[in-house]
Amino acid sequence: MKTGQEYRDSLRNRNIKVYIKGQLLDSKDVIDHPFIKGHVNSAAMTYELAEDPQFEDLMTATSHLTGKKINRFTHIHQSVDDLVKKVKMLRMISLNTGTCYQRCVGLDAVNSIYSVTYEMDQKLGTNYHERLKKYLLRWQEEDLMVAGAMTDPKGDRSLRPSQQADPDLFVHVVKKDDKGIYIRGAKAHMTGMVNSHEMLIMPTSGYGEEDKDYAVCCALPVDAPGVIHIFGRQTNDDRKLEGEIDQGNARYGVVGGECLTILEDVFVPWENVFMCGEYPFSGMLVERFACYHRQNYGGCKGGVSDIVIGAAATVADMSGYGKATHIKDKLNEMIHLAETLYCCSIACSAEGKPTAAGNYYVDPLLANVGKHNVTKLIYDIDRLAQDVGGGILATLPSEADFRSPEVGKYVEKYMRGVASVPTEDRMRMIRLVEVMTGGVALVESMHGAGSPQAQKIMYSKLSGLESKKKAAMKIAGVDPSKYSK
């Protein structure tokens with residue numbers, strides 16, 4: 001397994017093309033850019049914690065392919081216990097970073113592809129599953145960070161991929177030969193992409209025959225020829241060019257450093273292709289990935305919420321009103337909401353079942369319930385944190401003012417709360433609450449792993465409404481057979 005430093009060093013060997021605000025970065029300096037280095041530090045924690053004996057049970061697993069100890073972020077779930085440990089691991093890492101650490105997407109992708117390729121091979125006689133296992137061996141052996149890449153730009157949402165005015169708005173195969181395939185298009189909102197080693201391309205939707213060229217799943221390096229990354233803006237990201245205090249979470253950043261990844265006729269050898277035109281299985285892959293990824297949110301957002309709760313409580317203490325009854329009530333409500341998120345993730349894991357391929361899959365209904373809760377309850381948690389924190393969250397003077405020879409003494413004097421608490425400490429905690437409860441952090445809670453409507457669609461498929469109707473009719477003394485469709 002890699003150490004955190006080995007992970008950082010390995011990123012310098014890439015010939016990656018990354019643009020930030022219109023400027024191409026030097027590939028060896030990408031991980032040092034102020035907009036990116038926090039995300040690198042956060043991802044590095046997934047390596048560093050795996051080296052800590054205290055967290056070995058959560059952070060490592062035994063490979064079902066080799067029997068070796070591996071980082072859990074490279075593991076294929078072999079039991080319900082693996083699913084539960086994954087959620088517990090995510091909450092623990094969030095408590096250490098206060099933000100996204102980006103490796104979940106690749107982990108969820110490979111577990112989804114693992115079961116789908118097996119079932120595809122069983123039905124079609126293809127050989128995708130064996131290809132994937134060979135790729136997975138290298139993934140585990142080199143302890144790679146692999147970005148999952150599912151979301152396409154999509155263009156006009158009312159049209160299928162083949163109906164778009166521009167066919168490249170969904171990733172598709174443009175050419176095949178005896179050596180491999182060539183793909184074109186883009187992947188949007190790519191978490192951790194610029195500090196990953198490779199990416200797993202997946203279809204973004206279920207497709208019909210007319211869109212079979214878009215049913216493609218494959219792996220490629222993030223610095224493959226024809227790949228360009230355009231780093232996305234984040235709320236207050238220019239603060240990263242200034243002092244540490246105003247960043248709030250200066251070491252680890254906010255969310256996952258998302259980008260737009262362009263694929264300009266990128267070559268992928270056949271050994272790294274895991275779906276190519278088998279459109280009946282595209283929807284299955286999307287659904288399984290979505291459920292695995294929605295499983296995560298009660299774990300990672302539960303841990304992030306722990307930090308928000310702790311930060312809000314600390315601001316209250318430093319300001320002298322931490323013992324007020326209404327503050328305690330609000331903190332208790334935040335705790336209740338955070339544990340509710342966590343419960344759903346544990347529940348969907350505990351109800352997991354083996355797939356035909358042998359790896360374990362979460363309960364899809366409960367996974368969707370958990371993620372849908374996140375789209376609502378995180379807003380409530382953050383609203384309460386802002387209530388507890390006070391208006392100073394929006395009006396605090398800058399670190400530059402605090403350091404100023406001219407006005408710093410006034411910031412020092414008038415921004416102090418409890419006399420025994422240094423003004424700088426109070427400012428740091430206020431900024432942490434601010435950055436964790438607004439902007440990109442909230443948007444990611446809403447739309448990460450699919451927007452609320454995506455979960456509602458899954459409810460309609462999985463909730464068993466007809467069986468509920470029959471059960472109610474029986475209780476009421478009504479013959480269900482009279483109303484069966």
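About the thresholds
Residues numbered from 1 in each chain as written. Predicted model: local features only at pLDDT ≥ 70, side-chain atom pairs only at ≥ 80, totals over all residues. Heavy atoms only, no water. Helix = DSSP H or I, 4+ residues; strand = E, 2+ residues; numbered from the N terminus. Rg over C-alpha atoms; globule rule 2.2 N^0.38 Å. Buried < 20%, exposed > 50% of the residue type's maximum accessible area, 1.4 Å probe, protein only. Contact = heavy atoms within 4.5 Å. Areas by Shrake-Rupley, 256 points an atom, 1.4 Å probe, with all protein chains shown as cover. Lys, Arg positive; Asp, Glu negative; His and termini not counted. Charge placed at Lys NZ, Arg CZ, Asp CG, Glu CD. UniProt positions renumbered as here; feature names shortened; annotations may be inferred. Axes fitted to C-alpha atoms, helices over the stretch in contact; angles between N-to-C directions. Parallel < 35°, antiparallel > 145°, perpendicular 65-115°, else oblique. Left-handed = near helix turned anticlockwise from the far one by under 90°. Nonpolar A, V, L, I, M, F, W, Y, C, P; charged D, E, K, R; others polar. Polar contact = N/O pair within 3.5 Å; in protein donor to acceptor, adjacent residues only side chain to side chain. Pairing = 2+ DSSP bridges. Phe/Tyr/Trp six-rings, centres within 6.5 Å; stacked < 30°, edge-to-face > 60°. Lys NZ or Arg CZ within 6 Å of the ring centre and 35° of its normal. Salt bridge = Lys/Arg side-chain N within 4 Å of Asp/Glu carboxyl O.

Looking up the chain in an unreviewed UniProt entry gives the name 4-hydroxyphenylacetate 3-hydroxylase family protein, with the organism given as Intestinimonas massiliensis.

Q: Help me understand the overall build of the chain in this model?
A: A tally of regular secondary structure across the chain gives 16 helices and 14 strands. For 485 residues, the compact-globule estimate of 2.2 N^0.38 gives 23 Å, and the C-alpha radius of gyration of the chain, at 24 Å, lies within 12% of that figure. Projected onto its principal axes, the C-alpha positions of the chain cover 75 × 70 × 50 Å. Split into buried and exposed, the 485 residues of the chain put 54% on the buried side. Considering only contacts within the chain whose residues lie at least 6 apart along the sequence, 76% involve residues at least 24 apart. For the chain, the computed accessible surface area is about 20,300 Å², with 53% contributed by carbon and sulfur atoms. Both charge centroids of the chain, one from 59 positive and one from 62 negative side chains, sit 4 Å from each other.

Q: What is the right way to read the UniProt feature "domain: HpaB/PvcC/4-BUDH C-terminal" (unreviewed entry) in the chain from this model?
A: The UniProt feature table records "domain: HpaB/PvcC/4-BUDH C-terminal" (unreviewed entry) at residues 283-477. Between the first and last C-alpha atoms of residues 283-477 the distance is 40 Å; the span itself is 77% helix and 2% strand.

Q: Would you explain the packing of helix H5 (residues 104-124) against helix H6 (residues 128-142) in this entry?
A: For any two helices packed against each other, one specifies the inter-axial angle together with the distance between the axes. Between H5 and H6, whose axes approach to 8 Å, the crossing angle comes to 155°. By the angle between their axes, H5 is roughly antiparallel relative to H6. Where H5 crosses over H6, the handedness of that crossing is left-handed. Residue-level inspection shows Gly 106, Val 110, Ile 113, Tyr 114, Thr 117, Tyr 118, Met 120 and Asp 121 of H5 in contact with H6, the latter providing Tyr 128, His 129, Glu 130, Leu 132, Lys 133, Leu 136 and Trp 139. Classifying every residue of the contact of H5 with H6 gives nine nonpolar, three polar and three charged.

Q: I keep staring at the side chain of Thr 99 and nothing clicks. Help me out?
A: With respect to the secondary-structure elements, Thr 99 resides in the loop between helix H4 (80-97) and H5. With a relative accessible area of 5%, Thr 99 lands in the buried category. At 2.8 Å, the side chain of Thr 99 and the backbone nitrogen of Val 255 are in polar contact. Residues in contact with Thr 99, not counting those within four places in the same chain, are Ser 42, Ser 94, Asn 249, Tyr 252, Gly 253, Val 254, Val 255 and Val 304.

Q: Hey, could you run me through the pairing of strand E11 (residues 259-269) in this one?
A: Side chains on a regular strand alternate between the two faces of the sheet. As paired strands, strand E7 (residues 180-187) and E11 are joined by seven bridges and run antiparallel to one another. Pairing of Ile 183 across the sheet is with Val 266, part of E11.

Q: Please explain the packing of aromatic side chains as it appears in this structure.
A: Two measures describe an aromatic ring pair: the distance that separates the ring centres and the angle between the ring planes. Evaluation of the coordinates by the stated rule reveals eight aromatic pairs. Ring centres of Tyr 135 and Phe 274 lie 5.9 Å apart, and the angle between their planes is 50°; this geometry places the pair in the tilted category. Of the two residues, Tyr 135 is situated in helix H6 and Phe 274 in strand E12 (residues 273-276); the sequence distance between them amounts to 139 residues. Joined through ring pairs, the aromatic side chains of Tyr 135, Trp 139 and Phe 274 make up one cluster. One Lys or Arg, Lys 175, reaches over the ring of Tyr 182 and ends 5.0 Å from the middle of that ring. The ring of Tyr 297 carries Lys 371 above its face, with NZ or CZ at 5.3 Å from the centroid.

Q: Before we go on, may I ask you to explain the sheet that holds strand E9 (residues 216-221) in this structure?
A: Sheet strands pair by backbone hydrogen bonding; their relative direction is either parallel or antiparallel. Strand order in this open sheet of four strands is E5-E8-E9-E12, and the pairing throughout is mixed. What marks the edges here is a single partner per strand, and that holds for strand E5 (146-149) and E12. In this sheet, neighbouring strand axes are inclined to one another by 20° on average, regardless of whether the strands run parallel or antiparallel. In terms of strand pairing, E5 meets strand E8 (residues 198-201) through four bridges, oriented parallel. Its bridge partner being in E8, Gly 148 is matched across the sheet by Leu 200. Contacts between H6 and the sheet are confined to E5, E8, E9 and E12, with E12 contributing the most and set at about 145° to the helix.

Q: Even after reading the chapter, I still don't get the pattern of salt bridges, so can you show me in this structure?
A: Opposite charge on two side chains permits them to pair, given that their charged atoms come into close proximity. Under the counting rule described, the total for this entry stands at 35 salt bridges. Of the charged contacts in the structure, one is a salt bridge between Lys 85 and Asp 57, with a shortest N-O distance of 2.9 Å. Here Asp 57 lies in helix H3 (residues 56-59) and Lys 85 lies in helix H4, a separation of 28 residues in the sequence. The exposure class of Lys 85 is buried, given its relative accessible area of 16%. The shortest N-O distance in the salt bridge between Arg 288 and Glu 119 comes to 2.8 Å. A residue pair is termed long-range when its members are at least 10 positions apart, and Arg 288 in helix H7 (residues 282-319) and Glu 119 in helix H5 qualify at 169 residues.

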